[in-house]
Amino acid sequence: MAVKDRDRFSTATRLRLLGEQTAARVYRSQTKRQARRSRLTSRAALLALVLCTLIVALAYPMRQYVSQRAEVADLEREKEEASRRVEQLRDLKARWQDDAYAEQQIRERLHYVMPGETGYIVIDPDAARQTRADLGAADRPWYSNVWDGVDKSDASDR
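For clarity, every value in this text was computed on a predicted model and none was experimentally measured.

Criteria and thresholds
Residues numbered from 1 in each chain as written. Predicted model: local features only at pLDDT ≥ 70, side-chain atom pairs only at ≥ 80, totals over all residues. Heavy atoms only, no water. Phe/Tyr/Trp six-rings, centres within 6.5 Å; stacked < 30°, edge-to-face > 60°. Buried < 20%, exposed > 50% of the residue type's maximum accessible area, 1.4 Å probe, protein only. Patch = residues over 30% accessible without salt bridge, like charges linked within 9 Å, V, L, I, M, F, W, Y side chains within 5 Å. Areas by Shrake-Rupley, 256 points an atom, 1.4 Å probe, with all protein chains shown as cover. Salt bridge = Lys/Arg side-chain N within 4 Å of Asp/Glu carboxyl O. Helix = DSSP H or I, 4+ residues; strand = E, 2+ residues; numbered from the N terminus. pLDDT = per-residue confidence, 0-100. Contact = heavy atoms within 4.5 Å. Polar contact = N/O pair within 3.5 Å; in protein donor to acceptor, adjacent residues only side chain to side chain.

## Digging into the packing of aromatic side chains
Counted according to the given criterion, the structure contains two aromatic pairs. Between Trp96 and Tyr101, the aromatic rings sit 5.3 Å apart at their centres with planes inclined by 80°, giving edge-to-face as the arrangement. Ring centres 5.9 Å apart and planes at 80° place the aromatic pair Trp142 and Tyr143 in the edge-to-face group. Exposure remark for Trp142: the relative accessible area of 65% places this residue in the exposed category.

In structure tokens:
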């Protein structure tokens, strides 16, 4: 045992132990650096590149798909509206086929009366008080609109 203890405290043994400890520290630091460096391998970089390429390649078709689905939904809604409008027009056509409805509409819209009847039109007194300037262009005779246009253009030249 004395030889072993003496050997333990000898300079050569201490130097050797010190060298081994230093080598272990250097080796540990090198493996840590390699571990940090080796997190992104060439395989991982290639995989990331392939994934990015796939995302970029699929972005435009996906956008087109979504926009086309929205367009299809809009067209289906328009189709439903058009079919409702066609149904309304069919109902209106069927009503006009009825003579009683046609007679009612002729009496209301065109103010026709049957022979022997007396027709009356009640004029609102407030409506009769409208001046010529208050009347819209559609409510006046066409020649009044022409003269008003001539007067306005003549006034703008001055």
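Here the narrative resumes, following the displayed structure.
## A closer look at a nonpolar patch on the surface
Taken together, the side chains of Leu46, Leu47, Leu49, Val50, Leu51, Leu54, Leu58, Met62, Tyr65 and Val66 make up a nonpolar region of the molecular surface, amounting to roughly 1000 Å² of accessible area. On the secondary structure map, Val66 appears in helix α3 (residues 42-97).

## Looking at the confidence of the model for the chain
In the predicted model, the chain carries a mean pLDDT of 83, and 80% of its residues have values of at least 70. Here helix α1 (residues 2-8) is the element of the chain with the lowest mean pLDDT, 56, and α3 is the one with the highest, 95.

## Observations concerning the environment of Asn145
Inspection of the secondary structure puts Asn145 in helix α6 (residues 142-157). Take Asn145: its relative accessible area is 26%, and that puts it in the partly exposed class. Apart from residues lying up to four places away in sequence, Asn145 is in contact with Ala137 and Arg140.

## Some thoughts on the side chain of Arg140
Here Arg140 shows up in the loop between α5 (125-128) and α6. Among the polar contacts listed, one links the side chain of Arg140 to the side chain of Asn145, at a separation of 2.8 Å. Of the polar contacts made by the side chain of Arg140, one reaches the side chain of Asp148; its length is 2.7 Å.

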